[in-house]
Amino acid sequence: MDRTTLVELLDPRWATDSACRQALLGGAPFNFSEHEPIPVDDLVATYRVRERTTTEAGISTLGFAEALLRLRTSGLEKVRIGSVNDLDHRRSFVCFVAADGSRIVSCIGVSQRCG
């Protein structure tokens, strides 16, 4: 997936998508997995645990619960994962992408600094 396509697929109506989009427009590096798509149910279970441990560690997040809801209700069986890291290392994003690359299902922002 190229930068232009990724920017176009992120929905600016969602706060996390918008923040990720701005990071990409600012030149943030990104990476999207070429591995086999992962079952949505497995990702939801894994990221629920990550949400809890991240919160317990005092790390701020953006759109975590919303992203999991969007992922769970996407109607997709499997998705791919991508990452975007803003240039000033304040936040990284995890993006859940339809297996065929046709849409960004949801996006989570995680602070790179505690507190």
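Above this note sits the structure.
Residues numbered from 1 in each chain as written. Predicted model: local features only at pLDDT ≥ 70, side-chain atom pairs only at ≥ 80, totals over all residues. Heavy atoms only, no water.

> Please clarify how the environment of phenylalanine 64 should be interpreted in this entry.
Mapped onto the elements of the fold, phenylalanine 64 is located in helix H4 (residues 64–72). The class for phenylalanine 64 is buried, based on a relative accessible area of 5%. Taking the C-alpha atoms as reference, phenylalanine 64 lies 17 Å from valine 79; in sequence the two are 15 residues apart. Apart from the residues within four sequence positions on either side, phenylalanine 64 is in contact with Tyr47, Arg50, Glu51, Ile108 and Val110. (Helix = DSSP H or I, 4+ residues; strand = E, 2+ residues; numbered from the N terminus. Buried < 20%, exposed > 50% of the residue type's maximum accessible area, 1.4 Å probe, protein only. Contact = heavy atoms within 4.5 Å.)

> What should I look at first to understand the state of the cysteines in this one?
Here, the word disulfide means a covalent bond between the sulfur atoms of two cysteines. This structure, assessed with the given rule, holds zero disulfides. Here cysteine 20 stays free of any disulfide, with the sulfur of cysteine 95 as its closest cysteine sulfur at 3.9 Å. For cysteine 20, a relative accessible area of 0% gives the class buried. (Disulfide = S-S within 2.5 Å.)

> Honestly, H4 in this entry has me stumped. Any pointers?
The periodicity of an α-helix, 3.6 residues per turn, causes residues three or four positions apart to be oriented the same way. Within H4, burial applies to Phe64, Ala67, Leu68, Arg70 and Leu71. Here the buried residues of H4 occupy an arc of 160 degrees about the axis, which is enough to place them on one side. (Arc of directions from axis to C-beta.)

> Help me out: how do you make sense of the pattern of salt bridges in this one?
Taken as a whole and judged by the stated rule, the model has four salt bridges. Residues aspartate 17 and arginine 70 are paired through a salt bridge, measuring 3.3 Å at the closest nitrogen-oxygen approach. Remark: arginine 70 occurs in helix H4 and aspartate 17 occurs in helix H2 (residues 15–25); sequence separation between them is 53 residues. There is no split in this pair, since aspartate 17 and arginine 70 are both buried. For the salt bridge of aspartate 88 with arginine 90, the shortest nitrogen-to-oxygen distance reads 2.6 Å. (Salt bridge = Lys/Arg side-chain N within 4 Å of Asp/Glu carboxyl O.)

> Looking at this structure, I do not really get the packing of aromatic side chains. What am I missing?
Counted under the stated rule, the structure contains three aromatic pairs. With 6.5 Å between their ring centres and 45 degrees between their planes, tyrosine 47 and phenylalanine 64 make a pair best called tilted. With tyrosine 47 in helix H3 (residues 40–56) and phenylalanine 64 in helix H4, this pair connects stretches of sequence that are 17 residues apart. Pair check on accessibility: tyrosine 47 and phenylalanine 64 agree, each one buried. (Phe/Tyr/Trp six-rings, centres within 6.5 Å; stacked < 30°, edge-to-face > 60°.)

> Could you clarify how one ought to interpret H3 in this entry?
In this model H3 runs 24 Å from its N-terminal to its C-terminal C-alpha over 17 residues, within 8% of the 24 Å that 1.5 Å per residue would give. Within the sequence span of H3, burial applies to Val40, Leu43, Val44, Tyr47 and Thr54. For H3, the buried positions fall inside an angular range of 95 degrees around the axis, keeping them on one side. Pointing more than 90 degrees away from the buried face of H3 are the exposed residues Asp41 and Glu56. (Expected span 1.5 Å × (residues − 1).)

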